[in-house]
Each structure stands twice: as structure tokens, then as C-alpha cells.
Amino acid sequence: MLNKQPPPPPPQIELSVDSTIVQSDTNHNTILIIIKSLVFPVISRCHAGYFRITLSLCCQTLLWKTLKDPPENAHAYRRMLGVLPSTAFLLLWSLSLLILATLSILYILRCALFSDMVKSEYLNHIGVNYLFAPSISWLLLLQSAPFFTPKNIYYLLLWWVFVVPIFVLDVKIYGQWFTKGKRILSTVANPASQLSVVGNFVGARAAAMMGWKESAMVLFALGMIHYVVVFVTLYQRLSGNSCLPTMLRPVMFLFIAAPSMASLAWDSISGTFDFSSKMLFYLSLFLFVSLVTRPNLFKKSMKKFNVVWWAYSYPLTVLALASTEYAQEMKSSIAHLLMLLLSALSVMVSIVLMVYTALNTNTLLPPDETYNPTIVTLSPITISS
């Protein structure tokens, strides 16, 4: 018998896995998790109430532009303010633009990633009014823009971009006030409700500066009628209805903002600071004195820094803006002294708030009960070799 040769061994195939690919994917996904864990908590806490900061800064920018550009026949006190450096105005405008753009991007991401939280804001009788704040801030910044005039095509396009959201919210909110059971104005009215009418006045003023008087009249009429209704409702609200939490009492300064902005809007529409503008300005002064003489009302809300403190600055700045037009119309030393006093108070309050905010950045975004910053829910990440 012939000896059989053993079969040859099967061919050996070596498989080598490049560990650098797996390591690269792992590092990439680790970085992604870290970014999400840092960014998501900020987005979840950045509600529309933080636009109080931009309301104040953008309005302060508009005040500086108004003061540094006095008219030809201005009073001596007004010409004295014309020496304000243009560099300071440009820095303030740039800072306002940077903060407003940052907050806007964060809030757009909030709408995309945390739509339930945005819906909760809309359903809240106080939070819903601050949905107007982004558009109001952009309109104020647009009116103070140093790069183009109201006759510019970019001004026109941006006006439409910022006014359309205000009109859409008007239709939704004003309609709910008088048609929907639990959302009628008598049950949800609070001082923050005046912010919804301020948006119409700011849009009307911007339209009047473009020469669009009819569009300005539409927005002004819409805002004025609802302002009267809100104002009367707030005066006769039932004692059993809680107006505002103690922490939110600075929002009561919005009583000053609405008539002041209305007087500025009508001044731009009519072309002169006439009797209607003066009456609204006098009402603003009366409400200002009424609030300032009651410091105990705000004592508890001032114990700990909160972004709500910025509610003091915007109404004071709008009142100072109205005083500049009033002083120009009256041409008296007393009116100009009032303008200087209100303007100085507005600037001082804004600077103090900037300093407090810079010193308390760690508490600017407090933990949210509905979102734990230490436990970030992420979708499963699959690592393929």
C-alpha cells in the first residue's frame, strides 16, 4: 500500500484591525458628549425672560444715539450732550448686537431641541408676554443702527422680519384674551401683559421713521386699544388674583414703558410732540413717581440678584427717550433739566445692572427643576469598527 501524503494545511488569513479608527471614533463621540453636556443645560435654561437684558441695552443704545445727535435748534443743555463720544456709542451698539444675536441663537436652538419648554412658556400667563421681547429688541437696535438709514432697503426688509412675529403673536394672544375661557384677560392680566402692546408701539415708530404712516397707524391703533383695555383691567383686577410673584415685582415698571413708548410712536407718526404725546408722557411721569415712592414694594425682590432686575432699566430708558422729545418741543430749561435727570438715572441704572450681571455670571442661569444639568439625556451612540 502506498503511504498517503497528509493534506496541506489550509491557507492562513491574517486580519488586522486598525485600532486608530476605533480610537478616533471613540474620541469623536466623547467630545460630542462633552459638548452636549455643556451646551444643552444652557439652552434649556435660556428662556425668553433673558431678553430683558437686550431690551435694556438696545433701548440704551437708542438713547445714546438720540443724545449725541442734537437737532440744529437744540437747547444749550441738549447741545452739551452732543459731545458724547461716538466710539462709546459704537461700542455699546456692538455689545448690544453681540448679546442679542447670542441670545437669539440660543433661543432658536431651544425652540428646536426643547419645544415642550417653549410651549410651557407660551401657556404661562407671564412668560408668554416675553415672546415679544426678541422682536422688540431687534427693532430698537434697528432704529439705532449707525450703518444705514430708515430709507434703506435693508431697514425695510429687517422691519418686516421683526414685525411679522409681533403681529402673529397679537392675533393669537389678543384673540385668546376675549374668546377663550380660562385665557380671557380678566384672569391672566399682569403687568407683563403690557409688553405685548409695547411691541406694536415700537413697530409703529420704526414704520413711521420709514415714512410708512398707514402701517404705523395700524400698529399704533392695535396697540393703543389693547393698552387701554390692559391698563383698565390691571386697575380693577380682583384682590383674589395673584398679580405677580414677589421675585417678579420689578416687572411692574412696565407700567412706565407702555405710555412712554406710545408717546414716542405718536410723535413719529404725527411729526410733532403734540397734546396726545404730552398726555402719554405725563401719565408715564405720574406712574414713575407712584412706583419710586413705594420702595418697600420691591424690597423683597432685591435680596438676591436675578435677571428680573433688568426690568428696571428698559422702562426708565424709554421714559428718558420720551423726555428728550418733550424737552425739544417745550424748549424750556426745566424740561431739559428733567431730560438730563432721567437720562442720567437711566444710564446709572444700566451701568449698575451691567456690573451686577458681570459679578454674578455664575448665578445668571440657575438650575432648572425640569432639567438636571448633571444628567444629560443623550441618544445612544453606536461605535462601528
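This one's a predicted model, so the numbers in the text were calculated from it and none came from an experiment.

Cut-off values and rules
- Residues numbered from 1 in each chain as written.
- Predicted model: local features only at pLDDT ≥ 70, side-chain atom pairs only at ≥ 80, totals over all residues.
- Heavy atoms only, no water.
- UniProt positions renumbered as here; feature names shortened; annotations may be inferred.
- Helix = DSSP H or I, 4+ residues; strand = E, 2+ residues; numbered from the N terminus.
- Expected span 1.5 Å × (residues − 1).
- Buried < 20%, exposed > 50% of the residue type's maximum accessible area, 1.4 Å probe, protein only.
- Contact = heavy atoms within 4.5 Å.
- Core = buried A, V, L, I, M, F, W, Y, C linked by side-chain atoms within 4.5 Å.
- Salt bridge = Lys/Arg side-chain N within 4 Å of Asp/Glu carboxyl O.
- Disulfide = S-S within 2.5 Å.
- Axes fitted to C-alpha atoms, helices over the stretch in contact; angles between N-to-C directions.
- Parallel < 35°, antiparallel > 145°, perpendicular 65-115°, else oblique.
- Left-handed = near helix turned anticlockwise from the far one by under 90°.
- Nonpolar A, V, L, I, M, F, W, Y, C, P; charged D, E, K, R; others polar.
- Polar contact = N/O pair within 3.5 Å; in protein donor to acceptor, adjacent residues only side chain to side chain.
- pLDDT = per-residue confidence, 0-100.

A.B. asks: Please clarify how the UniProt feature "transmembrane region" (unreviewed entry) in the protein chain should be interpreted in this entry.
C.D. replies: Mapped onto the present numbering, the UniProt feature "transmembrane region" (unreviewed entry) falls on residues 88-110, 122-141, 153-174, 215-235, 247-267, 279-297, 309-327 and 334-359. Strand forms 0% of residues 215-235 and helix 100%; the C-alpha atoms that close the span are 30 Å apart. Counting secondary structure, residues 334-359 comes out at 100% helix and 0% strand; the distance between its end C-alpha atoms is 38 Å.

A.B. asks: Please explain helix α12 (residues 275-292) as it appears in this structure.
C.D. replies: The first and last C-alpha atoms of α12 sit 26 Å apart over 18 residues, in line with the 26 Å expected at 1.5 Å per residue. Within the span of α12, buried status applies to Ser277, Lys278, Leu280, Phe281, Ser284, Leu285, Leu287, Phe288 and Leu291. Against the buried residues of α12 lie α10 (213-235), α11 (254-270), α13 (313-330) and α14 (333-359).

A.B. asks: Got a minute to help me understand the nonpolar core in this structure?
C.D. replies: One recurring pattern in soluble globular proteins is that nonpolar side chains are buried together. Judged by nonpolar contacts, the single largest core of 110 residues is most densely connected at Ile136, Leu139, Leu140, Trp159, Val251 and Tyr314. If we skip the residues at most four places from it in the chain, leucine 139 touches Trp159, Phe162, Val163, Ile166, Val202, Gly203 and Ala206.

A.B. asks: Sorry, what's going on with the pattern of salt bridges here?
C.D. replies: It is possible for side chains bearing opposite charge to pair when their charged atoms get close. This structure, assessed with the given rule, holds one salt bridge. Note that arginine 110 is salt-bridged to glutamate 121, the shortest N-O span being 3.0 Å. Note that arginine 110 is positioned in helix α4 (residues 86-113) and glutamate 121 in helix α5 (residues 115-123), a separation of eleven residues in sequence. Among the residues examined, arginine 110 registers a relative accessible area of 4% and is labelled buried.

A.B. asks: Explain the side chain of serine 96 here, please?
C.D. replies: Within the fold, serine 96 resides in helix α4. By relative accessible area, which is 1% here, serine 96 ends up buried. Each residue touching serine 96, except ones within four places of it in the same chain, is listed here: Leu57, Cys58, Thr61 and Leu141.

A.B. asks: I would appreciate a short explanation of the state of the cysteines in the present structure.
C.D. replies: Where two cysteines share a covalent bond between their sulfur atoms, that bond is called a disulfide. Enumeration over the complete set of coordinates arrives at zero disulfides. Lacking any disulfide linkage, cysteine 58 is separated from the closest cysteine sulfur, that of cysteine 59, by 8.7 Å.

A.B. asks: Would you mind going over the packing of α11 against α12 with me for this structure?
C.D. replies: Working note: a packed helix pair is described by the angle between its axes plus the distance between those axes. Where α11 contacts α12, the axes come no closer than 8 Å and their chain directions differ by 165°. When the interaxial angle is binned, α11 and α12 end up roughly antiparallel. Note that α11 runs across α12; the crossing there is left-handed. Across from Phe255, Ile256, Pro259, Ser260, Ala262, Ser263, Trp266 and Asp267 in α11, the residues of α12 making contact are Ser276, Ser277, Leu280, Phe281, Leu283, Ser284, Leu287, Phe288 and Leu291. Of the residues in the contact of α11 with α12, the class split is eleven nonpolar, five polar and one charged.

A.B. asks: Can you walk me through the side chain of threonine 357 in this structure?
C.D. replies: Its place among the elements puts threonine 357 in helix α14. Polar contacts involving the side chain of threonine 357 include one to the main-chain carbonyl oxygen of leucine 353, which spans 2.7 Å. Look past the residues within four positions of threonine 357 in its chain and what remains in contact with it is Phe305, Trp310 and Leu364.

A.B. asks: Looking at this model, I keep getting lost on the confidence of the model for the protein chain. Mind explaining?
C.D. replies: Residues shown with low pLDDT carry predicted positions that ought not to be read at fine detail. Confidence in the prediction for the protein chain averages 83 pLDDT; 81% of positions are at 70 or higher. Ignoring residues within four places in sequence, the model shows residues 368-385, a span with pLDDT below 50, making 26 contacts including any to other chains.

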